[in-house]
Amino acid sequence: ASEDGDVRSTWQGKAGRSPLQALYDNYQFEQSTLQAVHHQRREMLSNVCNRYTRKRRLLQQDDLRHLVVDDTHGLLYCYVPKVACTNWKRVMMVLTGQGKYQDPLEIPAHEAHVPSNLRTLSEYSVPEINYRLRSYLKFIFVREPFERLVSAYRNKFTLSYNTAFHKRYGTKIIRRHRQEPSDKALERGDDVRFEEFVYYLLDPRTQQEGPFNEHWERVHSLCHPCIIHYDVVGKYETLAEDANYILQLVGADTSVKFPASSKTTRTTDDMTAQFFQNISPFYQRRLFNLYKMDYLLFNYSIPSYLRIR
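Residues numbered from 1 in each chain as written. Predicted model: local features only at pLDDT ≥ 70, side-chain atom pairs only at ≥ 80, totals over all residues. Heavy atoms only, no water.

Peer 1: Pulling in residues and values, what's your account of the sheet that holds strand β1 (residues 67–70)?
Peer 2: Taken in spatial order, the four strands line up as β1-β2-β3-β4 in an open sheet, and their pairing is mixed. This sheet does not close on itself; its edge strands, each paired only once, are β1 and β4 (232–235). Taking the axes of each pair of neighbouring strands and ignoring which way they run, one obtains an average angle of 25° across the sheet. (Pairing = 2+ DSSP bridges. Helix = DSSP H or I, 4+ residues; strand = E, 2+ residues; numbered from the N terminus. Axes fitted to C-alpha atoms, helices over the stretch in contact; angles between N-to-C directions.)

Here is the structure:
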């Protein structure tokens, strides 16, 4: 009996639980903690929406272009550029691909952005849209707004291969916001300074010309979180945990893994602070006001490096 007791006590541990039970309990605790975190984020979002949006407008078909649909798992994902959206689109291709794709990282980045590879909610009929909005798990991923903005600037204006952005936006920004630009800069648009990019964003002409490019458009304008009630608000800062939580919620095959981030060039808070050193307090405040709703909705605090207090 004493041997049995010894064996059992060693096997069950101090709390009298088997290792399997301990693992299960630990998993349950992690899940309930995550559920609490996501409940808190939804509550925050709802409170801010109620406080700042007086009139609820109806969704238009055009508002749904960023909502990627997975009919197999009952999933709607609103993609936000510069918030791990390439990897999420790869995962969505694996989830919707009927076995065509196994590993998200085997899918080339450019292929993840080919429109025909994923269906968006705007392609469905009104009854189909309403059914999916009511029944599917809806999620979004967000990021500290200025970190995302600097990430977009670095990606689109400092990398030599983004010639389409240099031509379309760079030349216009330089023409409008640089004193005595060189002919080469006007033609190529490949050396836009961050300050010039900020002036462009705040220029009334830019806003009259239509919506911002999706890479620097505000999240609330891309994904309409005060009209669409998202079940999960994932954050770039807790990307791995939130991604796994979503995949578990929809019962995705356990072989489907969200790619681990290995980027060493990632835009950080410190790096963002450096970009803002040359922006005057006047423009810092105006830019903050432009992105203020994203700060409020997703509970990001005013960056400590800003000189706007």
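Peer 1: Tell me about the nonpolar core, residues and numbers included.
Peer 2: Judged by nonpolar contacts, the single largest core of 90 residues is most densely connected at W88, F146, F197, L201, W216, L287 and Y291. A total of seven residues in this core trace back to one element, the largest contributor, which is helix α3 (residues 85–96). (Core = buried A, V, L, I, M, F, W, Y, C linked by side-chain atoms within 4.5 Å. Buried < 20%, exposed > 50% of the residue type's maximum accessible area, 1.4 Å probe, protein only.)

Peer 1: Before we move on, could you go through the pattern of salt bridges and cite the residues and values that matter?
Peer 2: Under the criterion given, the structure shown has 16 salt bridges. With a closest N to O distance of 3.4 Å, E147 and R143 form a salt bridge. Across the pair R178 and E196 runs a salt bridge, and its minimum N-O distance is 2.7 Å. One end of the pair, R178, is in the loop between α7 (163–177) and α8 (183–188); the other, E196, is in helix α9 (residues 194–202), and 18 residues separate them in sequence. By relative accessible area, R178 is classed as buried at 12%. (Salt bridge = Lys/Arg side-chain N within 4 Å of Asp/Glu carboxyl O.)

Peer 1: Describe helix α6 (residues 145–157), naming the residues involved and giving the relevant values.
Peer 2: Helix length check: α6 (13 residues) gives 18 Å between terminal C-alpha atoms against 18 Å at 1.5 Å per residue, within 8%. Most of α6 sits inside the fold, with 12 of its 13 residues counted as buried. Looking at the packing, one finds that the buried side of α6 touches α7, α9, α11 (219–223), α13 (269–276), α14 (281–290) and α15 (292–297). At the N-terminal end of α6, a side-chain oxygen is found 3.0 Å from the backbone nitrogen of F146, two or three residues along, and the residue is E144. (Expected span 1.5 Å × (residues − 1). Contact = heavy atoms within 4.5 Å. Polar contact = N/O pair within 3.5 Å; in protein donor to acceptor, adjacent residues only side chain to side chain.)

Peer 1: Explain the packing of α3 against helix α12 (residues 239–249) residue by residue, including any values.
Peer 2: Closest axis-to-axis distance for the α3/α12 pair is 13 Å, and the angle between their directions is 20°. The angle between the axes of α3 and α12 places the two elements in the roughly parallel class. Two packed elements cross with a definite hand, and for α3 against α12 that hand is right-handed. Residue-level contacts link W88, V91 and L95 of α3 to L239, A243, I246 and L247 of α12. (Parallel < 35°, antiparallel > 145°, perpendicular 65-115°, else oblique. Left-handed = near helix turned anticlockwise from the far one by under 90°.)

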